[in-house]
Amino acid sequence: MYQLFSRRMAPAYLSLALFCTLTTQSLAQSNVTVRIMAANLNGNTQSILPFEIDIYKGLKPDVVCIQEFNYNNNTAADFRALIDDAFGTNFSYYRESGGLQIPNGIISRYPIISSGRWADTQVSNRGFAWARIDLPGSNDLYAVSVHLLTSSSGNRATEANNLKTLILANFPANAWIVIGGDFNTTARIETAITTLASLCPDSPIPTDAESGGNFNSNANRNNPYDYVLASRSMTNYLTNVVFASHSFSKGLVFDSRVYTPLSDVSPIVLGDSGQGQHMAVLKDFSIPAGGSNAPVAPVINTQPQNQTIAVGATASFNVAAAGTTPLAYQWRFNGTNIPGAQTNLYSIPNSQTTNNGGYTIVITNSVGSITSSIATLTVSNVAPTITTNPAALAVFTGETVVFSVTAAGTAPLAYQWRFNGTNVAAATNNDYSFNNAQTNHAGNYTVVVTNSVGSVTSAIAALTVSNAAPVILTNPASLTVTVGGTANFTVTADGATPLEYQWRFNGADIAGETTTSYSLTNAQTTNAGNYTIVVTNNAGAITSAVAVLTVNTAIAGTATNVVISQIYGGGGFSGASYKNDFVELFNPTAVAVNISGWSIQYAGATGTSWTVGNLSGTIQSYRYYLIQMTSDGTGGVTIPIAESTNSINCGATAGKFALVSNQTALTGSNPAGNAAIVDLVGYGGTASSFEGSAPAVGGSSGNTSSVIRKNGGLTDSNSNTNDFTTAAPPTPRNSASPANPPSNPPAAVAADITALVYSGSQFQFTATGTTSSNYIVQACSNLSLTNWVSLSTNASPFTYTNLAANTFTQRFYRVKLK
């Protein structure tokens, strides 16, 4: 957009509204005649030559819309010299920039306030040059210099339409506008002329004589190439083009070969016009220059507008005008006066198609008259049309269906929906919906739209209703929890809504569990089993895969409730091909304990060590295992032994054994990896065999001590005072096993450690052995037998307390008979 604003103050702002200043109080002291010329006068050189300068001097224009604006070397000095010579030193000019081949321009006696160019999309060597000119009085002139193409009327029509759009977008409404230049038209009825004439009428048409004459302006005078078109607001001020001997009321097409006497237009000579491509075209305008009490001709500020209405509606036209009062109004229909239509407003109630046509108004006062532009009335009833058809739908049974249509046409529009060609009761809106779709609703839906002119039926919208049975997307997963824990089962499913859910335990419904998830808190062993869920809708049902819940028993206390209660040294380790150790596991609880994955660890007195793992099954009270070692003492396997076994080959080698879990917490609150370790020291005798009842906890004849460690660092996260309680095993079910007990058992038995407590910085336990016998409390940082440190000696039973227990990251304790 170009900045088209006046440099004047208040009068300029009023001038943008064109004739808003021309009210009944408007004053005009005198008029000034402004001569406007269209000038493409060059010869084949496409540059201004002396003959053209003579024509400018002789015709004395005030504003020139000039084409092919080239001169000498096209320097600023060249153009200034040309303007000073041909017009006068008080003239200013604007020429298109950008090195164009044949630019257009504006030359003006009056100051050029602003100027610029618009591109011509149909040609690259020139554009549309425009200038805003400060005329005397209150109105500015907007002049446009154009040079349309010679190639075709179609191209010229495009150029004219583009130019009209640019003018409407950039010049004020009702501005004084002139469009001048070389249009290259072969007839005045070309589209280019009629398009531009809708803004600036081609009337009156200048000729080369005072009456009659030839209006063609090319060199051969057989085509109307050149025009000066003025806006309607300007035509009110059109006046005669006057020379000494002649007065031309419609304007003048000047041809030096026709005009006489040439003395009127000196220094022009007879042959000047014959050297150019075109004739000069002139129109004069007598404009008010301001001042006292002169009457002002009417001017139209707001034109009547086109209308399109339905039959029976009211059409209304109005006009806003100014000028010296009184103003007289006369509306016309297709050029004929309408009786009684003599105000600025005209209405046609109950319009019919016979009222279609063009409406104008003539406004008259004592100075003159003005005719408005044509406002076209179109009265018609428009049949309905479908602008957006209803769309096909695919739904599941039970879902909601919504169809909609968009239509246009003369209101009111009526709607009727149809299903398979039959009207649907009460479905008379532009949309149609219903709930709970079923398979019998599937089919073809249409809508008929009707008005007073006719009706139209939409395209078919097919409805598909699928009876979609439920499907399980994610089955509930099997879980393992500890007694008292929480088990959470979930399922995801899809299918026609609504979906219903029912959880089951071992095939029986669980009351109230009818959502996609089921949470079981405080799980007990009675809750272990198979869990499923049944998903149902109106199309069917499906049962999920089985999710197995395993509930592990939480052992009361800690791992020491499952103890190694007996160990027998195997026959001579040194040089033996294998060694057998007999281990008894004891479980004092009433619930069977799963020992799958547990292992027995061994560290021999001679520095050898190994682990035997992968125990299996459960222990209800106690169970025997045979540890069968490799020849080098580095490993072995465990073999369960039937209780009827009555003989075990034993030895004298001391050893340490541990029963540990396989990364499984032995209590509900203790961390994984807890271990119950029993240190049993052999008696150091020769190889022998034992039979008879199993000895008490603490070992056989030579086994004299038992130490238990928890958590690898003497820590107890739950501070349970019963954590380290042990119990003596019951008598083996087969009292005859083993068959050969030692002949000289020790007088005193190994101490039993009970009531172990670790709290804060204090570690404490109770040692119970043979009453009044003395026992030594010893400790070490690992399981080696060579670095045990004696801490205290007491008579059984006694309680031992270590106040500095928290200074150790790992410590093993044992109680040994002194």
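Residues numbered from 1 in each chain as written. Predicted model: local features only at pLDDT ≥ 70, side-chain atom pairs only at ≥ 80, totals over all residues. Heavy atoms only, no water.

### Structural notes on the sheet that holds strand β61 (residues 789-795)
To keep it simple, the criterion reads: Two strands qualify as a pair provided that DSSP identifies no fewer than 2 bridges between them. Elements are defined by DSSP. Helices are runs of H or I of four residues or more, strands are runs of E of two residues or more, and each kind is numbered from the N terminus. Geometry is summarised by axes, namely lines fitted to C-alpha atoms with helices restricted to the contacting stretch, and by angles between N-to-C directions that run from 0 to 180 degrees.
The strand order across the open sheet built from three strands is β61-β60-β63, with neighbouring strands paired in antiparallel fashion. A strand with exactly one partner marks an edge of an open sheet, and here the two such strands are β61 and β63 (812-817). Looking at each pair of strands side by side, their axes are set apart by 25 degrees on average, direction ignored. Two elements, strand β60 (residues 774-780) and β61, share six bridges in a ladder whose sense is antiparallel. Paired with A779 across the bridge in β61 is V789.

### Structural notes on the sheet that holds strand β7 (residues 141-147)
The strand order across the open sheet formed by five strands is β5-β6-β7-β8-β9, and the pairing between neighbours is mixed. What marks the edges here is a single partner per strand, and that holds for β5 (112-118) and β9 (226-230). Within the sheet, the average angular offset between the axes of one strand and its neighbour, ignoring direction, is 15 degrees. With six bridges joining them, β5 and strand β6 (residues 128-133) adopt antiparallel strand pairing. Opposite G116, over in β6, you have W130 as the bridge partner.

### As for the confidence of the model for the protein
We count it as follows: A score between 0 and 100, pLDDT records how confident the predictor is in each residue. Residue contacts follow a heavy-atom distance rule, with two residues in contact if any of their heavy atoms lie within 4.5 Å.
A residue-level look at the protein finds 69% of positions with pLDDT of 70 or above and a mean pLDDT of 76. Overall, residues 554-584 carries pLDDT values under 50, and its contacts beyond four positions in sequence, including any with other chains, amount to 130 contacts. Counted against residues more than four places away or in other chains, residues 641-746, with its pLDDT under 50, gives 298 contacts.

### Side note on the pairing of strand β19 (residues 328-333)
Alignment of β19 against strand β22 (residues 357-364), held across six bridges, turns out to be antiparallel. Across the sheet, residue Y329 finds its bridge partner in β22, namely I363. Taken together, the two bridges between β19 and strand β20 (residues 336-337) define a ladder with antiparallel strand orientation. Looking at β20, one finds that R332 is bridged to N337. The antiparallel pairing of β19 with β20 creates a hairpin that spans two residues between the two strands, and N334 there sits at a positive phi of about 55 degrees.

### Overview of the packing of helix α2 (residues 50-59) against helix α3 (residues 76-86)
Convention followed: For this classification, under 35 degrees means roughly parallel, over 145 means roughly antiparallel, 65 to 115 means roughly perpendicular, and everything else is oblique. Three residue categories are used. Nonpolar comprises Ala, Val, Leu, Ile, Met, Phe, Trp, Tyr, Cys and Pro, charged comprises Asp, Glu, Lys and Arg, and polar comprises the others, including Gly.
At a closest axis distance of 9 Å, the pairing of α2 and α3 adopts a crossing angle of 45 degrees. Comparing their axes, α3 and α2 come out oblique. Where α2 approaches α3, its residues I53, Y56 and K57 are matched on the opposing element by L82, D85 and A86. Per-class residue counts for the contact of α2 with α3 are four nonpolar, no polar and two charged.

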